[in-house]
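Observations on chain architecture
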Amino acid sequence: MSVLRMDEEETIEAYAVTDSNIVNRLTSFLGIPFIIVFGWLNNKYVSVFSVEHNDHRLVVLYSGICPVIKNDRLRITGKMSHGGKIGVYGMIMTAYNIENLDTGDIYEKI
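The notes below deal with the structure included here. (Residues numbered from 1 in each chain as written. Predicted model: local features only at pLDDT ≥ 70, side-chain atom pairs only at ≥ 80, totals over all residues. Heavy atoms only, no water.)

1. Some remarks on the overall build of the protein chain
Let me state the cut-off plainly: In DSSP terms, a helix is any run of H or I states spanning at least four residues, a strand is any run of E spanning at least two, and both are numbered starting from the N terminus. Here's how the labels work: a residue is buried when its accessible area is under 20% of the maximum for its type, exposed when over 50%, partly exposed in between, all with a 1.4 Å probe on protein chains only. Here a residue-residue contact requires only that any non-hydrogen atoms of the pair lie within 4.5 Å. In this description, accessible areas are obtained by the Shrake-Rupley approach with a 1.4 Å probe, and a residue is regarded as covered only by the protein chains that are shown.
On a plain count of helices and strands, the protein chain comes out with 0 helices and 7 strands. With 110 residues in all, the protein chain has 32% of them scored as buried. Of all intrachain contacts in the protein chain linking residues separated by at least 6 positions in sequence, the fraction that spans at least 24 positions is 56%. When the accessible surface of the protein chain is summed, it comes to about 7500 Å², and 56% of that surface belongs to carbon and sulfur atoms.

Structure below.
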């Protein structure tokens, strides 16, 4: 059984336990108040799903659109961190590269 290390890039192979949840997250707002506010919003997509890794579940965050279906076999590269900042008990992985070994799709953060 391997030990999860923080702040190091790791590559794991795991099966998806849940479908991915793709969320549109607001990143910034720029506006000019002139009787009413004129402006625009900047946003980005974040994909969240769980995988089975070393006999426990691991939450994976990917900054972008990454459609994953339950039971997909994945190869994920990213960094481990504690999930306390986002309300997750245990470890999370912030992914940079996700390869779906069942479909051959590759999602990579540039």
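2. Concerning the environment of Val-60
Within the secondary structure, Val-60 sits in strand β4 (residues 56–62). For Val-60, a relative accessible area of 0% corresponds to the buried category. The sequence separation of Val-60 and Ile-76 amounts to 16 residues, and the corresponding C-alpha distance is 8.9 Å. In this structure Val-60 touches Ser-47, Val-48, Phe-49, Val-51, Ile-76, Met-93, Ala-95 and Ile-98, once residues within four positions along its chain are discounted.

3. Quick notes on unusual backbone geometry
Positive phi, normally seen in glycine, also occurs at Asn-54, with a value near 50 degrees. Among the secondary structure elements, Asn-54 is positioned in the loop between β3 (36–53) and β4.

4. A look at the nonpolar core
Here is the rule: Definition used in this section: a nonpolar core is a set of buried Ala, Val, Leu, Ile, Met, Phe, Trp, Tyr and Cys residues joined via side-chain atoms within 4.5 Å.
Residues Phe-49, Val-51, Leu-58, Val-60, Leu-74, Ile-76 and Ile-98 are the most contacted members of the largest nonpolar core, which totals 18 residues. Counting residues per element, the ones that place at least two in this core are β1 (9–16), β3, β4, β5 (73–82) and β6 (91–100). With 4 residues, β6 is the single largest residue contributor to this core. Ignoring sequence-local partners within four residues, the contact set of Ile-76 consists of Glu-10, Thr-11, Ile-12, Phe-49, Val-51, Val-60, Met-93, Ala-95, Asn-97 and Ile-98.

5. Examining the environment of Glu-99
Along the chain, Glu-99 turns up in strand β6. Of the residues examined, Glu-99 reaches a relative accessible area of 23% and is grouped as partly exposed. The spacing of Glu-99 and Thr-77 is 22 residues in sequence and 8.8 Å in space, taken between C-alpha atoms. Each residue touching Glu-99, except ones within four places of it in the same chain, is listed here: Arg-73, Leu-74, Arg-75, Asp-105 and Ile-106.

Just geometry here; none of it tells us what the structure is for.
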